[in-house]
Amino acid sequence: MAERFDAVDVIQTKRDRGVLSDAQIDWVIDAYTRGVVAEEQMSALLMAVFLNGLTRPELNRWTDAMIASGERLDYSHLSRPTADKHSTGGVGDKITLPLTPLVASFGVAVPQLSGRGLGHTGGTLDKLESIPGWRPSLSNEEMYAQMDEVGAVICAAGAGLAPADRKLYALRDVTATVACIPLIASSIMSKKIAEGTGCLVLDVKCGSGAFMSDLDSARDLATTMVGIGSDHKVRTVALITDMSTPLGLTIGNALEVRESLEVLAGGGPADVVELTLALGREMLDAAAARIDDEGIPGAGVAAGSPEASRRAGQLREADLPKALSNGQAMDTWARLISAQGGNPHADLAWATHTHEVFARENGYVTSMDALKVGVAAWRLGAGRARKEDAVQAGAGIVLHAKPGDAIQKGQKLMTLHTDTPERFERGLEALKGAWTIADTPTTRSPVVLEKISE
Ligand code: URA
């Protein structure tokens, strides 16, 4: 079959700072997914996009073409509105675990399709797999049924969602084209739009432990993704949040599940609680606004009807802190974990070996570098270097002090956990210079730095 375009012409257009036509974009993504556009040609095009960017219409079309490469899920038959959260990834970021059941406990269904960790940032599926029996893979039918019955799933994104992204991401990884805002934004948003959520709250991390280390680029990424979401009729807002310091006091799979359970029991570290509540508030507000605009078609609730305004009002008035303290969110957690074969009451693994790190001076902790702590936890066995590696459920780091805390010489600063003690040396090496202790306290930086919406 004759192809509609020549890849060289498409590359040349972008190389010369031209604007790609809709037909060129549709063709090049489809032809690359089919194996007609060669890897070296797509490499050249990705580099041209990296250097010259994409206009908003081009980026929307590029995202559409990625979505069209696979299946698109549809929850319009559900009797509840849907809202999801996506985080660009950080150290100690376990927020999905308390947030999903919290939001679902108010009747907003959460289709959380998650991934595994690679490098220093952890993956939600790896964390949940430390719960005995829990299984990450669900068929589409199982997902739909669980969304109806429990109101949430946390599971692996199937191979059918945006397959073009899988190929493109692997190629970007080896062509120095990962750190490119239009390519990151289309990669994330194609998967989230194909997943079928009606509302999306983005947690765009900013700081040493994040993709985007400075506020300007985090803002740029957040604005770009919010634009794609809005143009695709997904109600999207973004919070830019601090990732210069790990979130909470634990980094590592089972360690983070335990901390999430503390949050679901009404306790837990202040920063984890604050971010869970902030993202939960945004998800419920977005779902309420969607009910105002569209009603809940699957429940027969028409936009503008008294029932629509009652349901939207309930979400706007939802008392999120109370749902953490009175067991409402914990009940939904137990149902969510059980529905996927897990035992919510099972004991979680502990690593077999620990090593404590002590403060060498009196003073105040003024920084705790997220990247260094994340790399150390990874080296201890909490993360993987290659996709096929296994992770240790119990490995990781427990912090005993965070920026803003006073500390005495000889006091425990952190505990390293691993099943393979020969890893301590490399873990400790990664921690060199990870914290600073000064004579005067610093003020803790807020977790939520900015909100971006259209
Ligand atoms: N996460 C994704 O899914 N894609 C990117 O390009 C970067 C982060």
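Cut-offs used in this document
Residues numbered from 1 in each chain as written. Predicted model: local features only at pLDDT ≥ 70, side-chain atom pairs only at ≥ 80, totals over all residues. Heavy atoms only, no water. Core = buried A, V, L, I, M, F, W, Y, C linked by side-chain atoms within 4.5 Å. Buried < 20%, exposed > 50% of the residue type's maximum accessible area, 1.4 Å probe, protein only. Helix = DSSP H or I, 4+ residues; strand = E, 2+ residues; numbered from the N terminus. Contact = heavy atoms within 4.5 Å. Polar contact = N/O pair within 3.5 Å; in protein donor to acceptor, adjacent residues only side chain to side chain. Pairing = 2+ DSSP bridges. Domains from an automatic or database assignment. Salt bridge = Lys/Arg side-chain N within 4 Å of Asp/Glu carboxyl O. Nonpolar A, V, L, I, M, F, W, Y, C, P; charged D, E, K, R; others polar. Near = heavy atom within 4 Å. Areas by Shrake-Rupley, 256 points an atom, 1.4 Å probe, with all protein chains shown as cover. Axes fitted to C-alpha atoms, helices over the stretch in contact; angles between N-to-C directions. Parallel < 35°, antiparallel > 145°, perpendicular 65-115°, else oblique. Left-handed = near helix turned anticlockwise from the far one by under 90°. Arc of directions from axis to C-beta. Right-handed = clockwise from strand over helix to strand, strands pointing away.

Draft legend 1. Just the nonpolar core, in detail. Ranked by internal contacts, the top residues of the largest apolar core, which has 78 residues, are L128, I131, W333, I397, M414, L416 and L431. Here this core gets 10 residues from one element, more than from any other, and that element is helix α12 (residues 270-294). With residues up to four places along the chain from it excluded, the contact list for I397 reads L249, T250, I251, L255, V373, A376, A377, L380, M414, T415, L416 and L431. L45, L171, I184 and V204 belong to the second largest nonpolar core, which has 59 residues in total.

Draft legend 2. Structural detail: the environment of D165. Its location among the elements puts D165 in helix α8 (residues 163-173). A sequence separation of 21 residues divides D165 from S186, and the C-alpha atoms of the two residues are 8.7 Å apart. Non-local contacts of D165, meaning those with residues more than four positions away in its chain, are made with M66, S187, S190 and K191. Polar contacts involving the side chain of D165 include one to the side chain of K191, which spans 3.0 Å.

Draft legend 3. Local environment of the pairing of strand β1 (residues 83-87). When you tally the buried positions in β1, you get 4 out of 5 residues, the bulk of the element. The sheet contact formed by β1 and strand β4 (residues 199-206) spans 5 bridges and is parallel. Note that in β4 the partner of A83 across the bridge is C199.

Draft legend 4. Main features of the domain arrangement of the protein chain. The domains assigned to the protein chain are domain 1 (7-53), domain 2 (84-339) and domain 3 (353-438). Distance between the C-alpha centres of domain 2 and domain 3: 27 Å. Connecting domain 2 to domain 3 are 2 salt bridges. One salt bridge in this structure joins D271 and K402, with 2.8 Å as the shortest N-O distance. Where domain 2 touches domain 3, the interface holds 13 residue pairs in polar contact (both at pLDDT 80 or more). The residue inventory of the side of domain 2 that touches domain 3, partitioned by class, reads 9 nonpolar, 12 polar and 3 charged.

Draft legend 5. Broad picture of the site of the ligand. With respect to spatial proximity, the complete set of residues near the ligand consists of Y169, R172, I184, S187, I188, K191 and F211. Contact between the ligand and S187: a nitrogen atom at 2.6 Å from a side-chain N or O atom of the residue. With respect to the ligand, the side chain of K191 contributes an N or O atom lying 2.5 Å from an oxygen atom. Protein coverage of the free-state accessible area of the ligand, which is 240 Å², stands at 86%. At the level of secondary structure, the elements contributing two or more residues to the shell around the ligand comprise α8 and α9 (181-194). With 4 residues, α9 is the single largest residue contributor to the shell around the ligand. By residue class, the composition of the shell around the ligand is 4 nonpolar, 1 polar and 2 charged.

Draft legend 6. Quick peek at the packing of helix α1 (residues 7-15) against helix α2 (residues 22-33). Viewed as axis vectors pointing N to C, α1 and α2 meet at an angle of 120 degrees, and their least axial separation amounts to 11 Å. Classified by the interaxial angle, the pair formed by α1 and α2 is oblique. Like other packed secondary-structure pairs, α1 and α2 cross with a definite hand, here left-handed. In contact with A7, V10 and T13 of α1, α2 contributes Q24, W27 and V28. By residue class, the composition of the contact of α1 with α2 is 4 nonpolar, 2 polar and no charged.

Draft legend 7. Seen up close, the side chain of T124. Positionally, T124 belongs in helix α6 (residues 124-128). Leave out the neighbours within four places in its chain, and T124 touches T96, L97, S114, G115 and I154.

Draft legend 8. Here's a closer look at the pattern of salt bridges. Per the stated rule, a full pass over the model turns up 33 salt bridges. Put simply, R135 and E142 hold a salt bridge, and the shortest N to O gap is 3.3 Å. Assessed through its relative accessible area of 33%, E142 is described here as partly exposed. With a shortest N-O distance of 3.0 Å, R444 and D405 are connected by a salt bridge. Taken together, the residues R444 in the loop between β12 (435-438) and β13 (448-452) and D405 in the loop between β9 (396-399) and β10 (406-407) connect sequence positions 39 residues apart. Look at R444 and you get exposed, because its relative accessible area is 56%.

Draft legend 9. A look at α8. Turning to α8, its buried residues number three or more, namely A164, D165, L168, L171 and R172. In a view along the axis of α8, the buried residues occupy a sector of 130 degrees, so they form one face of it. In this fold, the buried residues of α8 make contact with α2, α3 (39-52), α4 (56-68) and α9.

Draft legend 10. Representation of the pairing of strand β5 (residues 235-242) in the model. Judged by how many residues are buried, β5 sits mostly within the fold: 7 of 8 residues are covered. Direction of pairing for β4 relative to β5: parallel, over a ladder of 8 bridges. Each residue of the ladder has a partner; that of K205, found in β5, is T241. In terms of handedness, the path from β4 via helix α10 (residues 215-231) over to β5 forms a crossover that is right-handed. Examined bridge by bridge, β5 and β13 share 4 bridges and lie antiparallel to one another. Directly across from A238, in β13, lies its bridge partner I452.

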